[in-house]
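One-letter residues, chain by chain:
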Amino acid sequence: MERFDDFIATLDGSQLLALFEHGDGVMVDLAAHARLRPGQVFLLIGLMEEANPSWSPDVAYQLIANQDCTPEQLERLIGWCDDPGTWDIACGKHPGGERALVRAADPYTALRYAHRIGPDVMAGFARDIDPTARGARYEAGRLRRRHDFTGEADSILTAKGL
C-alpha cells in the first residue's frame, strides 16, 4: 500500500478529477469497498447532483447497499434508483421506511418502485399533473393503473379532464 499511497500523493487535482470522471469503475469500486465517512458520502452525492455523470446510478446503488448512509443521504440517492432491489434496500435502511422514501422520491421513481403509496401522496401526485403538459394523459394513466389508486386522486384527475 505504501507505493500506492506514494503514487496517489503525486497526482494533482486535475488528474484526480480525470480519474474520478473517466476511470472505468473507479467511483463504483470506491462506493462499494471504501469505508466512506458521512462527509465524504455527502460530497460524492453533491458531485453526482451537480455533474450527473453516467456512473451515478451504479454509485448510488453501491452507496445505498454498502455504506452507512444517513436518512437524508438515502433520500437524495433514491432519485438514481433504477432497480426494485435498490428501492427495497433503501426502504429497509431508512428509519421512515418506504413511506418516507415515497415522499422524497420523484413521482416517476415512486410510482415505478413503491409497493404502497399513501392516499395523501397519491392525491398530491394527481394534483401535480399539469393537464396542458405533453404526456399528461399518460401520467394520469400510470396513476390509475396502480393497485393503491384512490377515489380522491381519481376525482382530482377527472376534474382536470384527464
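Computed from a prediction, not measured in an experiment: that's the story for all the values here. All residue numbers refer to positions counted from 1 along the written sequence of the respective chain. A pLDDT threshold of at least 70 governs which residues receive local features in this predicted model, and a stricter bar of 80 or more applies before side-chain atom pairs are shown or counted, although totals over entire chains, interfaces and linings include all residues. Each side-chain value is worked out from all heavy atoms of the structure, with water and hydrogens disregarded.

### Focus on the environment of G161
Under the convention used in this document: Runs of H or I in DSSP of at least four residues are treated as helices and runs of E of at least two as strands, each being numbered from the N terminus. Residue burial is assigned from relative accessible area. The probe radius is 1.4 Å, only protein chains are included, and a residue is buried under 20% of its type maximum, exposed over 50%, and partly exposed in between.
With respect to the helices, strands and loops of the structure, G161 is situated in the segment after α12 (151–159). Accessibility expressed as a relative area gives 43% for G161, which makes it partly exposed.

### Some details on the environment of D82
Our working definition: Contacts are residue-level and defined by heavy atoms, with any inter-residue pair within 4.5 Å sufficient.
Of note, D82 is situated in the loop between α6 (71–77) and α7 (84–93). Accessibility expressed as a relative area gives 46% for D82, which makes it partly exposed. In sequence terms D82 and D120 are 38 residues apart; their C-alpha atoms lie 24 Å from each other. Here D82 is in contact with P57 and Y113, once residues within four sequence places are set aside.

### Examining the pattern of salt bridges
Going by this rule: Within this document, salt bridges are pairs made up of a side-chain nitrogen of Lys or Arg and a carboxyl oxygen of Asp or Glu, the two lying within 4 Å of each other.
Tallied over the entire structure, the rule returns seven salt bridges. A salt bridge links D120 to R99; the shortest N-O distance between them is 3.6 Å. Residue D120 is located in helix α10 (residues 119–128), and its partner R99 is located in helix α8 (residues 97–104); the two are separated by 21 residues in the primary sequence.

Note that all results are geometric; they support no functional claim without further evidence.
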